[in-house]
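Examining the three-dimensional arrangement
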There are 2 protein chains.
Amino acid sequence: MKTENAAPVFESLSSGARLDVFRLLVRYAPDGLVAGDIAKKLDIPATNLSFHLKTLLHSGLVEMEKEGRFWRYRANVPLMLEIIAYLTDQCCCGSSRKKTGKTRSC
Amino acid sequence: MKTENAAPVFESLSSGARLDVFRLLVRYAPDGLVAGDIAKKLDIPATNLSFHLKTLLHSGLVEMEKEGRFWRYRANVPLMLEIIAYLTDQCCCGSSRKKTGKTRSC
DNA sequence: ACAACATTTCAATAATTGTTGAATAATCAT
DNA sequence: ATGATTATTCAACAATTATTGAAATGTTGT
């Protein structure tokens with residue numbers, strides 16, 4: 001996972017609405033939900049949900065599959081695992097640091 | 001960590017510039033860097049850096065301390081650990097799900 | 001073929017975020 | 001005190017993102 005791939009993921013999680021969508025899809029993994037059910041459960045207009053889903057699709061954090069006249073969305077859990085690994089490595093404990101001889105913060 | 005606290009953290013990581021700032025500060029943890037050094041290393045105007053640092057401060061992901069005429073910024077690594085725990089719990093494997101009898105994706 | 005349905009795309013607008021230069025505040029050295 | 005230094009805040013503007021209703025696309029059932 002490179003930073004230029006990670007930033008869009010954070011961007012796609014940076015709205016409360018999208019974070020809610022993603023958490024909902026994780027709760028319903030691995031089956032996912034169709035758009036109408038998401039809209040109903042989160043009580044947001046279909047057209048606005050569609051906008052947010054597009055952002056999530058673009059970052060890769062959710063995936064989509066047409067199913068008759070429904071569109072089914074699922075969380076991409078493996079990508080989330082990569083993001084967690086990225087954060088652990090780059091933004092937390094795993095990164096190399098200046099050799100000052102001091103102890104690390106974790 | 002609650003969702004309403006997590007969203008601002010993702011928002012503060014959602015710009016490439018801020019993600020760079022945070023990663024830099026992690027590399028220089030636990031000492032951190034003064035604003036001028038950040039600006040120099042990342043080659044962004046001081047006034048713009050100041051704007052991004054304010055966002056990071058607001059989410060709690062960085063902390064600030066005045067040091068003479070310098071302002072020193074440090075990464076809040078413990079908060080990042082909480083975020084990683086939040087993602088693991090809410091957005092990945094730890095969350096409760098509908099009982100469908102199917103196996104979990106992780 | 002037709003009507004009902006699920007969802008998206010489009011266009012318009014509102015709201016927020018990002019960027020910059022100039023002005024300001026605080027500190028340090030002389 | 002004065003001038004140089006560090007960094008912020010302010011104001012203006014540019015750019016992006018969010019929200020909504022109406023129209024369009026494709027699907028299903030009759």
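Procedures and definitions
- Residues numbered from 1 in each chain as written.
- Chains lettered and ligands numbered in written order.
- Predicted model: local features only at pLDDT ≥ 70, side-chain atom pairs only at ≥ 80, totals over all residues.
- Heavy atoms only, no water.
- Pairing = 2+ DSSP bridges.
- Helix = DSSP H or I, 4+ residues; strand = E, 2+ residues; numbered from the N terminus.
- Contact = heavy atoms within 4.5 Å.
- Axes fitted to C-alpha atoms, helices over the stretch in contact; angles between N-to-C directions.
- Salt bridge = Lys/Arg side-chain N within 4 Å of Asp/Glu carboxyl O.
- Buried < 20%, exposed > 50% of the residue type's maximum accessible area, 1.4 Å probe, protein only.

Here we take up the sheet that holds strand β3 (residues 70-75) of chain A. Residue and element names in this part refer to chain A. Pairing is antiparallel in the open sheet, where 3 strands are placed in the order β1-β3-β2. Whereas interior strands pair on both sides, the edge strands pair on one side only; in this sheet they are β1 (33-34) and β2 (62-67). As judged from the 2 bridges shared by β1 and β3, these two strands associate in the antiparallel manner. The residue bridging Leu-33 from the neighbouring strand is Tyr-73, located in β3. Across the sheet, helix α4 (residues 46-59) is in contact with β2 and β3; its angle to β2 comes to roughly 115°.

Residues and elements named next belong to chain A. In this structure, Pro-30 follows Ala-29 across a cis peptide bond, with omega equal to 0°. A positive phi angle, near 55°, is found at Asp-43, a position not held by glycine. Along the chain, the position of Asp-43 falls in the loop between α3 (35-42) and α4.

All names here are of chain B. Taken as a whole, this structure holds 6 salt bridges over all chains when the rule is applied. Ionic pairing is found between Arg-23 and Asp-20, a salt bridge with its closest N-O pair at 3.5 Å. Note that Arg-23 and Asp-20 are positioned in helix α2 (residues 16-27) at a spacing of 3 residues, about one turn of the helix. On the accessibility criterion, Arg-23 (19% relative accessible area) is buried. Its relative accessible area of 30% is what places Asp-20 among the partly exposed residues. The residue Arg-72 makes a salt bridge to Glu-67 at a minimum N-O spacing of 2.7 Å. According to the relative accessible area criterion, Arg-72 is buried, its value standing at 17%. Judged by its relative accessible area of 34%, Glu-67 is partly exposed.

All names here are of chain A. Examined bridge by bridge, β2 and β3 share 6 bridges and lie antiparallel to one another. Within β3, the position partnered with Glu-65 by the bridge is Arg-72. Hairpin geometry of β2 and β3 is characterised by an intervening segment of 2 residues between the two adjacent antiparallel strands and by a positive phi of about 65° at Gly-68.

Residue and element names in this part refer to chain B. Considering the arrangement of structural elements, one finds Ile-44 in the loop between α3 (35-42) and α4 (46-59). Each C-alpha atom of the pair Ile-44 and Ala-17 lies 8.8 Å from the other, and the pair is 27 residues apart in sequence. Those residues in contact with Ile-44 that sit more than four places away from it in its chain are Ala-39 and Leu-49.

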